[in-house]
Amino acid sequence: KQEVTQIPAALSVPEGENLVLNCSFTDSAIYNLQWFRQDPGKGLTSLLLIQSSQREQTSGRLNASLDKSSGRSTLYIAASQPGDSATYLCAVGGGSYDKVIFGPGTSLSVIP
Amino acid sequence: DAGITQSPRHKVTETGTPVTLRCHQTENHRYMYWYRQDPGHGLRLIHYSYGVKDTDKGEVSDGYSVSRSKTEDFLLTLESATSSQTSVYFCAIRGTSGGPEQYFGPGTRLTVT
C-alpha cells in the first residue's frame, strides 16, 4: 500500500529565504506526482505536476523534482514571500483512473 | 479555474439524517472524485467516477454512496449521517486538457451533531 509522508510538518522562515519541502513515497511505481497549495479554509490549488518520466518541473519561483528510484520529491521555493504562507501537499498518482494518495502536508509560514 | 462548484458550502445536520452533497462542473470532464479532509488523516478518497453511471469505491467509502446521472454532476450521499462523518468534503476533476492533473472545488464543511 502506497504511503506518502512530508517533512517537515511545519516550517517558519524569514522573507526572502530559499526553502525546500520534502515528499517521500513508499512505492516507486507511480504515474505522476502533483504538488498543491492549500490556504486556510480553502480548496487545493494545483502548483506543479511531474510525470513519472520527468525529473523536474518549474513554474515561476517554484521547482519540483522527482526521483522515483529513491521515492522522493522536493518542492523548491525561491525568494519566499509572505504570500507563500500556506499548507503544501504532495499527491502521488498511480494505478487506474489516476487515484491519488496525498501526503499530510507541510505548513509554511513566511515571516515578513 | 476548472469550473467546479460545490453545494452547499456549509451544512449542519443531525445524526441519522440523510445528506446529499453536490459537485457540479462545467467543462465536460470525464473523471470526478470525492475526498474528505480531516486533521491527522489528510485527504482521503471516498468515491470516484470515470463516466456517467460509472463509479467505484475509494479507501473510505463505508457509509457513503454516489451517483452520476449527468456528466456535469457528481452527488455524494450520506444515507444516515454519523458524527464521524463531520469533515470537509472536496470534489475534484481530472485534467483540463485530458492530462492527469487534479483540480479541486472549494469544499463543503459538514458538521453532524
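**Things to note about the interface of chain A and chain B**
The interface of chain A with chain B comprises 17 residues on the first partner and 18 residues on the second. Both faces considered, chain A and chain B share a buried interface measuring about 1,600 Å² in area, 58% of it formed by carbon and sulfur atoms. Run the count over chain A and chain B and you get 3 residue pairs in polar contact (both at pLDDT 80 or more). For the side of chain A that touches chain B, the residue count by class is 8 nonpolar, 6 polar and 3 charged.

**So, the pattern of salt bridges**
Applying the stated criterion to the full structure yields 6 salt bridges over all chains. The closest approach of N and O atoms between R36(B) and D38(B), which form a salt bridge, is 2.8 Å.

**Some remarks on the state of the cysteines**
What the rule picks out here adds up to 2 disulfides over all chains. Between the sulfur of C23(A) and that of C90(A) lies a disulfide, 2.0 Å long from S to S. The chirality of the disulfide connecting C23(A) with C90(A) is right-handed, given an S-S dihedral of about 75°. Taken together, the residues span a long stretch of sequence, with C23(A) in strand β3 (residues 19-25) and C90(A) in strand β9 (residues 86-93) at a distance of 67 residues. Since its relative accessible area comes to 0%, C90(A) is described here as buried. Across the disulfide from C23(B) sits C91(B); the S-S distance is 1.9 Å. Between C23(B) and C91(B), the S-S dihedral sits near -70°, and the bridge is therefore left-handed. Placement of the pair is C23(B) in strand β3 (residues 19-25) and C91(B) in strand β9 (residues 87-94), with a sequence separation of 68 residues. Taken individually, C23(B) and C91(B) each receive the classification buried, so the pair is uniform in this respect.

The rules behind each value
- Residues numbered from 1 in each chain as written.
- Chains lettered and ligands numbered in written order.
- Predicted model: local features only at pLDDT ≥ 70, side-chain atom pairs only at ≥ 80, totals over all residues.
- Heavy atoms only, no water.
- Contact = heavy atoms within 4.5 Å.
- Buried area = accessible area lost by both parts, 1.4 Å probe.
- Polar contact = N/O pair within 3.5 Å; in protein donor to acceptor, adjacent residues only side chain to side chain.
- Nonpolar A, V, L, I, M, F, W, Y, C, P; charged D, E, K, R; others polar.
- Salt bridge = Lys/Arg side-chain N within 4 Å of Asp/Glu carboxyl O.
- Disulfide = S-S within 2.5 Å.
- Helix = DSSP H or I, 4+ residues; strand = E, 2+ residues; numbered from the N terminus.
- Buried < 20%, exposed > 50% of the residue type's maximum accessible area, 1.4 Å probe, protein only.

Coordinates in, geometry out; function isn't part of it.
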